[in-house]
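Spelled out, the chains give:
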Amino acid sequence: ASAEAAACAKAAAEAAAAAEAEAIAWQPSLGSRPALGGGVLFEDDLLDASRRVAAVHVAVLSDESAGFSAHEEAAAALQALAAEGDNPRLAITQAGALQPLVALLSGGSPHGKEHAAAALESLADSAANAVAIAKAGALKPLIALLPFGTPLAKEHAAGAIFKLARNAENKVAV
């Protein structure tokens, strides 16, 4: 099982590197950007690439046999992808990442919890995601990190809670 987890983690890292390379020189004001190797990629292409990368990482997060290290790496990759903007955030949510990230907040390693909280914090920049994150049950485990998490987990959990609370639909829950 650990060989499979290592292979999943390697595939996820390679897919993330490919998506990061594709994101170079993206020009959102024009709706397109130069593609590696020539040609032009449009925003839909970036969204599709982000969906593929997110799906790989969600698969690793959802694989209970993958182990803490693979889960940490997958959550870190989603965290980095979420920081890239609205299209990647949408892709991550569409790939089904919220439930596995929430599960990692509750049952992951300390570093896994840090990355999950950071990913959710970035994802919460989108109003639609903020509602979906709250509905996925993230508030309780985020609040639980405040007294018991690592300093970095506490920082990201507080940031995520703040962003979730900015949304009118979430204020009662927070």
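Residues numbered from 1 in each chain as written. Predicted model: local features only at pLDDT ≥ 70, side-chain atom pairs only at ≥ 80, totals over all residues. Heavy atoms only, no water.

Asks: If you had to explain the packing of helix H6 (residues 110-123) against helix H9 (residues 151-165) to someone new, which residues and values would you point to?
Replies: Between H6 and H9, the least distance of the axes is 8 Å, while the angle of their chain directions is 25°. In terms of orientation, H6 lies roughly parallel with respect to H9. The handedness of the crossing between H6 and H9 comes out as left-handed. For the pair H6 and H9, the contacting residues are Glu114, Ala117, Ala118, Leu120 and Glu121 in the first and Leu152, Ala153, His156, Ala157, Gly159, Ala160 and Lys163 in the second. For the contact of H6 with H9, the per-class residue count stands at seven nonpolar, two polar and three charged. (Axes fitted to C-alpha atoms, helices over the stretch in contact; angles between N-to-C directions. Helix = DSSP H or I, 4+ residues; strand = E, 2+ residues; numbered from the N terminus. Parallel < 35°, antiparallel > 145°, perpendicular 65-115°, else oblique. Left-handed = near helix turned anticlockwise from the far one by under 90°. Contact = heavy atoms within 4.5 Å. Nonpolar A, V, L, I, M, F, W, Y, C, P; charged D, E, K, R; others polar.)

Asks: How would you sum up the side chain of histidine 156? Please name residues and give values.
Replies: Counting through the fold element by element, histidine 156 comes out in helix H9. For histidine 156, a relative accessible area of 15% gives the class buried. For histidine 156, the contacting residues outside a window of four places in its chain are Glu114, Ala117, Ala118 and Glu121. (Buried < 20%, exposed > 50% of the residue type's maximum accessible area, 1.4 Å probe, protein only.)

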